[in-house]
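Fold and contact review
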Amino acid sequence: MKYDFDGVIDRSNSYSIKYEPSWRGKPDDILPLWVADMDFAAPGCVQEALIRRAQHGIFGYSEPDAAYFDVMRKWFEERFSWTTERDWLTITPGVVNALYLAVRALTKQNDGIVIQQPVYYPFEASIRKTGRQLLVNELVYKDGYYSIDFQDFEEKIKQAKMFILCNPHNPVGRVWNRDELTRMGEIALSHGVTVIADEIHEDFVFSGHKHLVFAALNPDFANITVTCTSPSKTFNFAGLLCANIFISNKDMRDKFKEEYVGCGLTSRA
Ligand SMILES: Cc1ncc(COP(=O)(O)O)c(C=O)c1O
């Protein structure tokens, strides 16, 4: 598909938080790069589908049908050789929302949760604001490259109930490889730690690298993991508020859904 990455689209008066008034007061040559919200238009097929839907004119309560899931299954199978099942899926208004739901559903007050800083700031917020204990496995920066201190990782995991993995990692840009993911998974497994795998940036990988779905590496990893995905970064429509959360472990999924219902995200409890 041919796509215009060069056209400049005026986003003023579009209620964009990226260009909110505090930014407009800054000199014109400052680019607002604080949020992963691109200045490219969503693909034509996305725009056309939205227009078709809008022209229907009625916006009552709705839910996705089998076709929605089939599109996703195809996407994950073709790109990542990951076979998903419809039962595993919960749709939430966002990955950050799912992060908070999973933290609340699968840990208790004061439980330790490991993150690998520097990392997307809502990870820390989801731990602090829910009264959990922050455990940081600092990434190691050397010669322009970030890597994991596995000894420290295991020390922190021993004190934890949950690990929030960011893969590909925002902001360090690493696409964790098979060895790194396997080591992290085995350490988490051996200490009974649940994993939230935030894979929202899965489609942004430079050639020579391959995104590996953590839960697809090993059925034992799948059994302890909440995988967070969303088309919102790939196609630049974060404002449409839609994330696809996969949990194959039924017990974990039931707890997650209970929290989802408990937050009033559906009236169909
Ligand atoms: C790693 C990561 N997770 C989640 C999000 C936000 O996801 P959502 O808008 O679905 O809450 C971002 C946005 O930049 C991100 O970088």
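The paragraphs below set out a description of the structure included in this document.

Thresholds, definitions, all that
- Residues numbered from 1 in each chain as written.
- Predicted model: local features only at pLDDT ≥ 70, side-chain atom pairs only at ≥ 80, totals over all residues.
- Heavy atoms only, no water.
- Helix = DSSP H or I, 4+ residues; strand = E, 2+ residues; numbered from the N terminus.
- Contact = heavy atoms within 4.5 Å.
- Near = heavy atom within 4 Å.
- Polar contact = N/O pair within 3.5 Å; in protein donor to acceptor, adjacent residues only side chain to side chain.
- Nonpolar A, V, L, I, M, F, W, Y, C, P; charged D, E, K, R; others polar.
- Core = buried A, V, L, I, M, F, W, Y, C linked by side-chain atoms within 4.5 Å.
- Buried < 20%, exposed > 50% of the residue type's maximum accessible area, 1.4 Å probe, protein only.
- Patch = residues over 30% accessible without salt bridge, like charges linked within 9 Å, V, L, I, M, F, W, Y side chains within 5 Å.
- Areas by Shrake-Rupley, 256 points an atom, 1.4 Å probe, with all protein chains shown as cover.
- Salt bridge = Lys/Arg side-chain N within 4 Å of Asp/Glu carboxyl O.
- Pairing = 2+ DSSP bridges.
- Right-handed = clockwise from strand over helix to strand, strands pointing away.
- Axes fitted to C-alpha atoms, helices over the stretch in contact; angles between N-to-C directions.
- Parallel < 35°, antiparallel > 145°, perpendicular 65-115°, else oblique.
- Left-handed = near helix turned anticlockwise from the far one by under 90°.
- Expected span 1.5 Å × (residues − 1).

1. Topic: the environment of Phe-59
Along the chain, Phe-59 falls in the loop between helix H2 (44-56) and helix H3 (66-80). The residues touching Phe-59, leaving out its near neighbours within four places in the chain, are Arg-53 and Ala-54.

2. A look at the site of the ligand
Around the ligand, the neighbouring residues are Ala-36, Gly-94, Val-95, Val-96, Tyr-120, Cys-166, Asn-170, Asp-198, Ile-200, His-201 and Lys-233. Residue Asn-170 places a side-chain N or O atom 2.7 Å away from an oxygen atom belonging to the ligand. Here the residues of the shell around the ligand sort into six nonpolar, three polar and two charged.

3. Quick notes on the nonpolar core
Membership of the largest hydrophobic core comes to 26 residues, with the highest contact counts inside it found for Ile-164, Ile-196 and Ile-245. Breaking this core down by element, the ones donating at least two residues are helix H4 (95-106), strand E2 (112-115), helix H5 (122-128), strand E6 (162-166), strand E8 (225-229), strand E9 (243-246) and helix H9 (250-262). Residue contributions to this core peak at eight residues, all from H4. By size, the runner-up hydrophobic cluster in this structure holds 23 residues, among which are Phe-163, Ala-188, Val-193 and Phe-221.

4. A short note on a nonpolar patch on the surface
On the surface, Ile-17, Trp-34 and Tyr-121 cluster together into a nonpolar patch covering about 360 Å² of accessible area. Within the secondary structure layout, Ile-17 lies in the segment before helix H1 (21-24).

5. Re the pairing of E2
On E2, burial covers both faces: Gly-112 and Val-114 on one face and Ile-113 and Ile-115 on the other are all buried. When E2 meets strand E3 (residues 133-136), the two strands line up parallel, connected through four bridges. Bridge pairing in E3 places Ile-115 opposite Val-136. Between the parallel pair E2 and E3, the chain is carried across by H5, and the sense of this crossover is right-handed. Two strands pair when backbone bridges link them, and E2 and E6 are joined in this way by two bridges, in the parallel orientation. Residue pairing across strands places Val-114 opposite Phe-163, the latter belonging to E6.

6. Notes on the packing of H4 against H9
For the pair H4 and H9, the least separation of the axes is 8 Å and the interaxial angle reads 115°. Here H4 is positioned roughly perpendicular relative to H9, judged by the angle of their axes. Considering the relative orientation of H4 and H9, their crossing is right-handed. Residue-level contacts link Ala-98, Leu-101, Ala-102, Arg-104, Ala-105 and Leu-106 of H4 to Met-252, Lys-255, Phe-256, Glu-259 and Tyr-260 of H9. Of the residues contributing to the contact of H4 with H9, the split by class is eight nonpolar, no polar and three charged.

7. Structural notes on the side chain of His-211
Residue position: His-211 is located in the loop between strand E7 (194-198) and helix H8 (219-222). In terms of polar contacts, His-211 uses its side chain to reach the side chain of Glu-199, at 2.8 Å. Not counting residues within four places of it along the chain, the set of residues in contact with His-211 comprises Phe-80, Asn-167, Pro-168, Val-175, Glu-199, Glu-202 and Val-205.

8. Details of the sheet that holds strand E1 (residues 89-92)
The seven strands are arranged E1-E9-E8-E7-E6-E2-E3 in an open sheet whose pairing can be described as mixed. Two strands in the sheet have a free side with no partner beyond their single neighbour: E1 and E3. Recorded for the sheet is a direction-independent mean angle of 20° between the axes of neighbouring strands. Docked against the sheet, H9 engages E1, E7, E8 and E9, running at close to 25° with respect to E1.

9. Focus: H9
Here H9 spans 18 Å end to end across 13 residues, near enough to the 18 Å set by a 1.5 Å rise per residue. In this structure, the buried residues of H9 make contact with E1, H4, E7, E8 and E9. You can read the cap of H9 off the contacts: a side-chain oxygen lies 2.9 Å from the backbone nitrogen of Asp-251, and it is on Asn-249. Phi turns positive one or two residues past the end of H9, at Gly-264, with a value near 75°.

Bear in mind that shape data such as this cannot, by itself, settle questions of function.
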